[in-house]
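If you want the building blocks of each chain, they are given just below.
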There are 2 protein chains.
Amino acid sequence: MKMATTTVPVPELPVQVLRPEALNSIDQFWRASCYIAAAMIYLQDNALLHEPLQPEHIKERLLGHWGSSPGLAFIYTHLNRVITEQSLDTLLVTGPGHGAPGILAPMFLEGSYGRVVSDCPTTPKGLLELFRRFSFPGGIGSHCTPEMPGSIHEGGELGYSLSHAVGAAFDNPNLLVACVIGDGEAETGPLAASWQGSRFLHPTRDGFVLPILHLNGYKISTPTLLARLPKEELRALMFGNGWDAIFVEGSEPLDMHQQMAAALDECVRRHRDIRAAASHGPIHHASLPMIVLRSPKGWTGPAELDGHRIEGSWRSHQVPISNPRTNPVHLEALEKWLRSYRPEELFDTAGNIHERYFRLVPPVSRRIALSKHANGGLLRQPLNSSKLENFAIEVGQPGTSLAGNTTPFGEYLAATLANNPHTFRFFSPDETLSNRLGAVFTSGKRMWLESQLASDLDAGELSVDGRVMELLSEHTLEGWLEGYLLTGRHGVFATYEAFANVVTSMINQHCKWLEASTEIPWRADVSSLNLLITSTVWRQDHNGFTHQDPGLVDVIANKSPAVTRVLFPPDANTLLVCMEECLDSTNRVNLVVVDKQMHLQYTSLNEARMLVEKGLDVWSWASNDHDRMPDVVMACCGDVATKETLAATALLRAAVSDIAVRVVNVIDLFGLATYRERPTAVSNFEFASLFTED
Amino acid sequence: MKMATTTVPVPELPVQVLRPEALNSIDQFWRASCYIAAAMIYLQDNALLHEPLQPEHIKERLLGHWGSSPGLAFIYTHLNRVITEQSLDTLLVTGPGHGAPGILAPMFLEGSYGRVVSDCPTTPKGLLELFRRFSFPGGIGSHCTPEMPGSIHEGGELGYSLSHAVGAAFDNPNLLVACVIGDGEAETGPLAASWQGSRFLHPTRDGFVLPILHLNGYKISTPTLLARLPKEELRALMFGNGWDAIFVEGSEPLDMHQQMAAALDECVRRHRDIRAAASHGPIHHASLPMIVLRSPKGWTGPAELDGHRIEGSWRSHQVPISNPRTNPVHLEALEKWLRSYRPEELFDTAGNIHERYFRLVPPVSRRIALSKHANGGLLRQPLNSSKLENFAIEVGQPGTSLAGNTTPFGEYLAATLANNPHTFRFFSPDETLSNRLGAVFTSGKRMWLESQLASDLDAGELSVDGRVMELLSEHTLEGWLEGYLLTGRHGVFATYEAFANVVTSMINQHCKWLEASTEIPWRADVSSLNLLITSTVWRQDHNGFTHQDPGLVDVIANKSPAVTRVLFPPDANTLLVCMEECLDSTNRVNLVVVDKQMHLQYTSLNEARMLVEKGLDVWSWASNDHDRMPDVVMACCGDVATKETLAATALLRAAVSDIAVRVVNVIDLFGLATYRERPTAVSNFEFASLFTED
């Protein structure tokens, strides 16, 4: 057997990037961050260890995750240096979300946290308040929740960090999006697919996504797979995913600082080279720089306790010293560990953070914690929308003409893309044509950086400048869209009804993010997540049972009414009005269900506007109860059900002479909910006026 | 920048493996299969083109997917050769499920389909019947549905082929599991993660999984990403995922036959080498052989039509010639295309398939279509179970003692692993210890083939012979378990309640598979899919909002009652009884929800048995309505709700003197459903006797 070789470029990095003074500053900042990160897990008093540590200084319930915190603080510290030196605008996506202490600590230290959360100023008292709030109900989560400044990414359910980062980078050419990916998260399906996002980042139009794969070796108690791969295999895996990995490996801090600084400088340089080449030559996918950071789990923590190895082992995952309140050996080990960071040096005599820590902290306008991109509502501009009149179809006698329900919306999409060339994208898993939305391609093609063949030309829809994002990964698309919206832009995701279920858990979690965000005063409103659900259950008989599943409605219905809406437009014009309303709305997940096939048309644009505004209403033209109470009320929701209901109404009226039938069409499913349970629910009085008292 | 090289072994394959006679046989079989595959999409009469093709011979509605069918038939044909020559037992997993014609055709041709579906014998009449049934309600789906012989894999929702294949190979050392992965499916998250299954296949204990990544270049209308990767990057991607790719590329059939035969021979040889090395030396992960098959989409189909390229383009995806009934040019093109396969040679003068096609067809016992592994209920043996008495905890006065609800079940799991060393596995995303099921490790460690470090020893739970499957990919675990169950074995998947939602759509689709299977007479009963849901919503406050989501119950509740059960055992002994019942059951998805923390204990083992048998019952000891009708009935479901209900009952009795309170505990959620709606629902009479008439 011969051996073929795959050639991967590996930079020869300088070994001493940092001069002694910068090295010292970085190490000091990092160690202070490690102290704060560790101490917030343990201390409820004696925040700077001015006294000997006593059991009563320790929190009663120890919560938090130490394991990845020192590595995260290390990354944050080094990003600060490169941001400062190279004047970068930066968004940080923290995948190992349970390591919140590792992010909160440097944010506190540099004073950014206190700027957002006023009761945590950079004083000893503010520090203690931070400790008290950490992992406490109503305080700060033990992972990167919406309450975390500078974050668009919830680290609870793993798998979406890189797709969020890529989505955030779209149309943000001057943004560095650093994305820490934990080696636990890297085992998930959604993360595994999202590496290929490298192939959808335009080298000049989009920002610079810098994945930092953090190999700290263990999950809760099992080794992580990627940390144990032979280095050659890991490098090949990244290369096959479109990334050139630069390795930073070890545990000796000063050496690690030099490696990390050199790696970051190299990444920035290479990205500039790629952009420069793209500015002057053909645009195509180039392998993008990334960093693999291999450092011990619980780095700088206690080496051993009770005969067990702690640093560098799975025992560092959560709280490495478990019983300092009751076990004197644990108390002593904790004190020794915490004092190793020299907390007494944190504050100067005036009670402020010592100026030594600020040498490499970026100016306020460039700080990670204060990035406007992480609070995208601050940047969000309303869509430049087109008048629906330009796309609405003529409808004469209701129920007599046929049209494709999605086709006019495809034209509206095209106009929206054209009118918002930097702030709107359309996402679909290769179903744009199938869902009869092909008109969108008149103003935005499919984004495609890989090679093109003669056999593609026929489709005519591929372009390096495309703004329609197609990939057969619902997870990646949903993640891209979430990242795009949370950084202040707009979008629509269209997919088959059955396969929207693939991203049920992502939609769940996005609903929770929105719900939590609305209660955080400093978070500004972001555009709603708009899911256009087509190829619905009724017409998928030929594709079989797997293609029929309307269950996502159940899932949306169990989420907070404040952030969810489910709309069933019965025809083309109501779809236009629904989508306009959804695209204008903020802080919601909107599920709009409509079939892609030809259907009877019922409503003019004006009627559609009134119907959508009300959410549900009587269709007089289909009813014959005009001068009396109805004998029967027929209610319908959605295109196919509406048609069937109208047919049933006709049968009924033919079968029973003089029967009075009223037809009610429901567009807003939650309009039917009990009054006050949902914001759009009709009142009991309105309900009775539509459906009668009995 | 220096260039590092990643070394990937590439075999030098012989170029002429097939002698002329074998080459001819293979090509004939394949071409006949292509004819049948194409014709089943189009013809409702004139099945062998004995007459000139007329519009009335064409089906009125053309359904089916031609695109990947010829490639699938090519793979099937070549597998037949290697199965025959090397006497292999083989299971085929067909990921590009919409290419069902490419699998049905060779199965019909070799006579296997007719053995399973008696009205499709290998006669011209049987052939026409196959055509009529294809993609017709009540007939055969246009993708690999449960009705497909030889299949454990539904090709509707993409992403799970390789995890199904790996699960099927576990503990089947003599089985070749060939797995065709479409390049569309390869873009999905679940598939992307599942490549790492290479690292969980034991070289001697498990079977030989052979992925065949089929690059046919296009999805519905967009190029596929992996087909456009530079070959070096694709090879690196596979290598990083643990596989050595052998490429078979081209379009010229005779050359492709030689390449494919050489590649298959090489894969079998290399797998034997890996196994031989493992039999005599240390066991570790070795890169496993796989095939990348690059062939044109719609291979051998019409080259062009209406000025558009068809073969090798996305226009081959579904029905490449769209209007042969009404467009004479299309009719002529269709006839020319179909006649290119020489259908008149299919049958001999006696009306049987000509013997020329049988030269490389395996004996009946080895045919893919007839594999017992694909109808796993035929191989399934009941579990060797242990008496619950060995694990039950003593419960004195109800509600007075505390125990961990999951701990005794962990011991039961250990015994089950020990008693069923080849037919039971336990699956969890690194949550076995967290969910307090660590006792399982006393008889089965975590399966781990990569390197081990001193810092792992402390956990003491890694072994190449392990039978606990941990990976932080719910998708991969769920897919492994489905593959394991559908091939006749048993298992349990334990995971956090919130993150069970990650696999909502997979559970959905498995429910549908089971529901459809129960209506297929030849499908034997398979073990139920048992989901143990722990770390439930009530106790995840410290982990935050993301870790709280009980929504999977909604999803299970919208699936067929015949194949679903949701159980809420309130304590440790009821959990044991529930799990025993679930592990004994067949053809269901069982969701068992129980919290991992310490809880009050209420029921002895005997009481637990009665309670689980009934599904819901009055708890007399907690009620005081013994001699009269209750004033209040308090119903509870699940451990935490039960405790809260009992506390509320106590408060109520303290607050209202002489109040008669009845407590009803519900274990089987669907026991409460309307009678006849669910198989375990109580009757109206029983309901009234529990809850009173009013």
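Before reading further, recall that the structure is shown in the block above.
Residues numbered from 1 in each chain as written. Chains lettered and ligands numbered in written order. Predicted model: local features only at pLDDT ≥ 70, side-chain atom pairs only at ≥ 80, totals over all residues. Heavy atoms only, no water.

S.K.: Describe the overall build of chain A, listing the residues and the values that go with them.
M.R.: In terms of regular secondary structure, chain A is built from 21 helices and 21 strands. A compact globule built from 694 residues would reach a C-alpha radius of gyration of about 26 Å, and chain A, at 28 Å, matches this within 12%. Reported as C-alpha extents along the three principal axes, the dimensions of chain A are approximately 90 × 65 × 50 Å. Considering only intrachain contacts with a sequence separation of at least 6, the fraction spanning at least 24 residues in chain A is 78%. In chain A, 56 positive and 78 negative side-chain charges are present, and the distance between their average locations comes to 5 Å. (Helix = DSSP H or I, 4+ residues; strand = E, 2+ residues; numbered from the N terminus. Rg over C-alpha atoms; globule rule 2.2 N^0.38 Å. Contact = heavy atoms within 4.5 Å. Lys, Arg positive; Asp, Glu negative; His and termini not counted. Charge placed at Lys NZ, Arg CZ, Asp CG, Glu CD.)

S.K.: Account for the relation of the copies chain B and chain A, with residues named and values stated.
M.R.: Screw-axis analysis of chain B against chain A gives a translation of 0.0 Å along the axis, an RMSD of 0.0 Å, and a rotation angle of 180°. The relationship between the two copies is best expressed as a two-fold rotation axis. Comparing interface residues between copies, 100% of those in chain B also sit at the interface in chain A, which points to an isologous, same-surface contact. (Least-squares fit on C-alpha atoms with pLDDT ≥ 70 in both.)

S.K.: Please give an account of the packing of aromatic side chains that cites residues and values.
M.R.: Residue and element names in this part refer to chain A. What the rule picks out here adds up to 34 aromatic pairs over all chains. Between Phe170 and Tyr484 the ring centres are 6.5 Å apart and the planes differ by 65°, which places this aromatic pair in the edge-to-face class. Of this pair, Phe170 sits in the loop between α6 (161-169) and β3 (175-182) while Tyr484 sits in helix α14 (residues 474-486), and the two are 314 residues apart along the sequence. Classification of Phe170 as buried rests on a relative accessible area of 0%. A residue is classified by how much of its surface remains accessible, and Tyr484, at 0% relative accessible area, is buried. Joined through ring pairs, the aromatic side chains of Phe170, Phe200, Phe427, Trp448, Trp480 and Tyr484 make up one cluster. (Phe/Tyr/Trp six-rings, centres within 6.5 Å; stacked < 30°, edge-to-face > 60°. Buried < 20%, exposed > 50% of the residue type's maximum accessible area, 1.4 Å probe, protein only.)

S.K.: Describe the sheet that holds strand β5 (residues 243-249) of chain A, listing the residues and the values that go with them.
M.R.: Residues and elements named next belong to chain A. Sheet architecture is open: five strands sit in the order β2-β3-β4-β6-β5, paired in parallel fashion. Only two strands of the sheet have a single partner each, and these edge strands are β2 (89-94) and β5. Pairs of neighbouring strands in the sheet enclose a mean axial angle of 20°, with direction left out of account. Looking at chain direction, strand β4 (residues 208-215) and strand β6 (residues 288-294) are connected through four bridges and run parallel. Bridging from a neighbouring strand, Leu213 pairs with Val292 of β6. Where helix α2 (residues 69-86) meets the sheet, its contacts fall on β2, β3, β4 and β6, and the angle it forms with β2 comes to roughly 170°. (Pairing = 2+ DSSP bridges. Axes fitted to C-alpha atoms, helices over the stretch in contact; angles between N-to-C directions.)

S.K.: Give me the lowdown on the side chain of B:His317, citing residues and values where you can.
M.R.: All names here are of chain B. Residue placement: His317 occurs in the loop between β8 (308-309) and α11 (328-339). Reaching out from His317, the side chain makes a polar contact with the side chain of Lys297 at a distance of 2.8 Å. Leaving out residues up to four positions away in the same chain, His317 has contacts with His65, Trp66, Gly67, Lys219, Ile220 and Lys297. (Polar contact = N/O pair within 3.5 Å; in protein donor to acceptor, adjacent residues only side chain to side chain.)

S.K.: Before we move on, could you go through the pattern of salt bridges and cite the residues and values that matter?
M.R.: On inspection of all chains with the given rule, the structure shows 61 salt bridges over all chains. Across the salt bridge formed by A:Lys559 and B:Asp549, the nearest N and O atoms sit 3.1 Å from each other. Here A:Lys559, found in the loop between α17 (552-557) and β16 (564-567), pairs with B:Asp549, found in the loop between β15 (529-534) and α17 (552-557), and the two come from separate chains. The pair formed by A:Lys559 and B:Asp549 is uniform in burial state, with each residue classed as buried. In this structure, the salt-bridge partner of B:Asp658 is B:Arg628, at a minimum N-O distance of 3.6 Å. In this pair, B:Asp658 is assigned in the loop between α20 (639-655) and β21 (661-666) and B:Arg628 in the loop between β19 (616-618) and β20 (632-636), connecting sequence segments 30 residues apart. (Salt bridge = Lys/Arg side-chain N within 4 Å of Asp/Glu carboxyl O.)

S.K.: Outline the pairing of strand β3 (residues 175-182) of chain B, listing residues and values.
M.R.: All names here are of chain B. With respect to burial, β3 is a largely interior element, eight of its eight residues being buried. Where burial is concerned, the two faces of β3 agree: the one with Leu175, Val177, Cys179 and Ile181 and the one with Leu176, Ala178, Val180 and Gly182 are both buried. Here strand β2 (residues 89-94) runs beside β3; their pairing, made up of six bridges, is parallel. Considered in β3, the bridge of Thr90 is made with Leu176. Bridge analysis of β3 against strand β4 (residues 208-215) gives seven bridges, and the strand direction is parallel. Bridged to Gly182 within β4 is His214. Each parallel crossover has a hand, and for β3 linked through helix α7 (residues 189-194) to β4 it is right-handed. (Right-handed = clockwise from strand over helix to strand, strands pointing away.)

S.K.: Explain the side chain of A:Glu450 to me, and be specific about the residues and the numbers.
M.R.: On the secondary structure map, A:Glu450 appears in the loop between β11 (446-447) and α13 (454-457). Of the polar contacts made by the side chain of A:Glu450, one reaches the side chain of A:Arg199; its length is 3.2 Å. Here A:Glu450 is in contact with A:Arg199, A:His285, B:Leu225, B:Arg228, B:Leu229 and B:Pro230, once residues within four sequence places are set aside.

S.K.: Could you give an account of the nonpolar core, naming the residues involved and the relevant values?
M.R.: Within the largest apolar cluster, 156 residues are counted, with the highest numbers of intra-cluster contacts made by A:Leu213 and B:Leu213. If we ignore the near neighbours within four places in the chain, the residues touching A:Leu213 are A:Ile181, A:Gly182, A:Ala186, A:Trp195, A:Leu226, A:Leu234, A:Met238, A:Met290, A:Ile291, A:Val292 and A:Leu293. (Core = buried A, V, L, I, M, F, W, Y, C linked by side-chain atoms within 4.5 Å.)

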